[in-house]
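Each chain, letter by letter, is given below.
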Amino acid sequence: MNINTYWSVIPSVEIIEISAIAGYDAVLIDMEHGPYSFSEVLTAVSVAQGRGIKAFVRPASKSGREILSCLETGADGLMIPHVSTKDEMEAIVESVFYSPIGNRGASGFTRSTNYGSSPFTEHKYEANNNIFVGILIESLEGLANLDEIVSVGHIDCVYFGTYDIAVSMGLDDQMAPKVQVAVTEAIDRVVREVKYYGQVSVSSEQRGMLDSRINFIAHGVDCGITLAAFKNNLS
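An account of the accompanying structure is given in this report. A quick note: this is a predicted structure, and the numbers were derived from the prediction, not measured. (Residues numbered from 1 in each chain as written. Predicted model: local features only at pLDDT ≥ 70, side-chain atom pairs only at ≥ 80, totals over all residues. Heavy atoms only, no water.)

1. Things to note about the overall build of the chain
Here comes step 1: Helix and strand content of the chain: eleven helices and eight strands.
Here comes step 2: Its C-alpha atoms give the chain a radius of gyration of 18 Å, near enough to 18 Å, the size a compact globule of 235 residues would have.
Here comes step 3: Each principal axis of the C-alpha atoms in the chain carries an extent, and together these give about 50 × 45 × 30 Å.
Here comes step 4: Split into buried and exposed, the 235 residues of the chain put 49% on the buried side.
Here comes step 5: Put simply, of all contacts in the chain between residues at least 6 apart along the chain, 60% involve residues at least 24 apart. (Helix = DSSP H or I, 4+ residues; strand = E, 2+ residues; numbered from the N terminus. Rg over C-alpha atoms; globule rule 2.2 N^0.38 Å. Buried < 20%, exposed > 50% of the residue type's maximum accessible area, 1.4 Å probe, protein only. Contact = heavy atoms within 4.5 Å.)

If you want it as structure tokens, here you go:
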């Protein structure tokens, strides 16, 4: 089953609602490249869930503090940027999950616990079993270490950040054949270890180039989708 989603860099609840009406499965709320504040993330998460789609947040970094703040908004999951080593993945697991899996900071009075109305033991169980963990592989180092990274476990999606991968290869084009070959070879090595493999698709041409095992598809970025629609409306 595919997850059809897109990156959200415009803090707009209207765009999120429109995407849900259009049939998207999820929104990727981007704090790394977008101007989202944590307050705006909480609102975006609430609106997405109210419209029946998943809300995944990309923190601005993979620091434990950033991860915890994103989780406390009640997001359905995270898309954690720039994961390159096994040690980094182990630190992420520590930050994302409560004991006995990790060491996530605990509070019974945030949106993730329904502001104190949910028993904490119930919340802890639900969080440890249901939080969606996506990691972004965005460098040659990350590609080289993917086997070790995945061996840590607790990963639902490996997403290939092809723009950054291309740059790490000294290329300007994220659709370059060399980039796609690297993605395919990486999937070959860990194909049975993870449920979802993700990549951006900014055009029908790129969708035709994706490895058939890519089942978490980011259909562009909200600003690009909006720009294309405006241009198309004038043509």
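2. Some points on the side chain of Thr113
Here comes step 1: Its place among the elements puts Thr113 in the loop between α4 (86-96) and α5 (120-130).
Here comes step 2: Judged by its relative accessible area of 0%, Thr113 falls in the buried class.
Here comes step 3: Once you skip the residues sitting within four places of it in the chain, Thr113 turns out to touch Ser107, Gly108, Ser118, Phe120 and His123.

3. Observations concerning the sheet that holds strand β7 (residues 196-200)
Here comes step 1: The eight strands lie next to each other as β1-β2-β3-β4-β5-β6-β7-β8, forming a closed barrel whose pairing is parallel. Along the sheet, successive strands turn relative to each other by an average axial angle of 25°, direction set aside.
Here comes step 2: Note: strand β2 (residues 26-30) against strand β3 (residues 54-58), five bridges, orientation parallel. Within the sheet, the bridge partner assigned to Asp30 lies in β3 and is Arg58. (Pairing = 2+ DSSP bridges. Axes fitted to C-alpha atoms, helices over the stretch in contact; angles between N-to-C directions.)

4. Comments concerning unusual backbone geometry
Trans is the prevailing form of peptide bonds, just as negative phi is the prevailing case for residues other than glycine.
Here comes step 1: Residue Pro100 follows Ser99 across a cis peptide bond; omega there is 10°.
Here comes step 2: Unlike most non-glycine residues, His82 shows phi in positive territory, near 55°.
Here comes step 3: The topology assignment puts His82 in the loop between β4 (77-80) and α4.
Here comes step 4: Overall, His82 belongs to the partly exposed group, its relative accessible area being 29%.
Here comes step 5: Here Asn114, not a glycine, exhibits a phi torsion of approximately 55°, which is positive.
Here comes step 6: Checked against the element boundaries, Asn114 lands in the loop between α4 and α5.
Here comes step 7: Using a relative accessible area of 44% as the deciding quantity, one classes Asn114 as partly exposed.

Treat this as a map of the structure, not an account of what it does.
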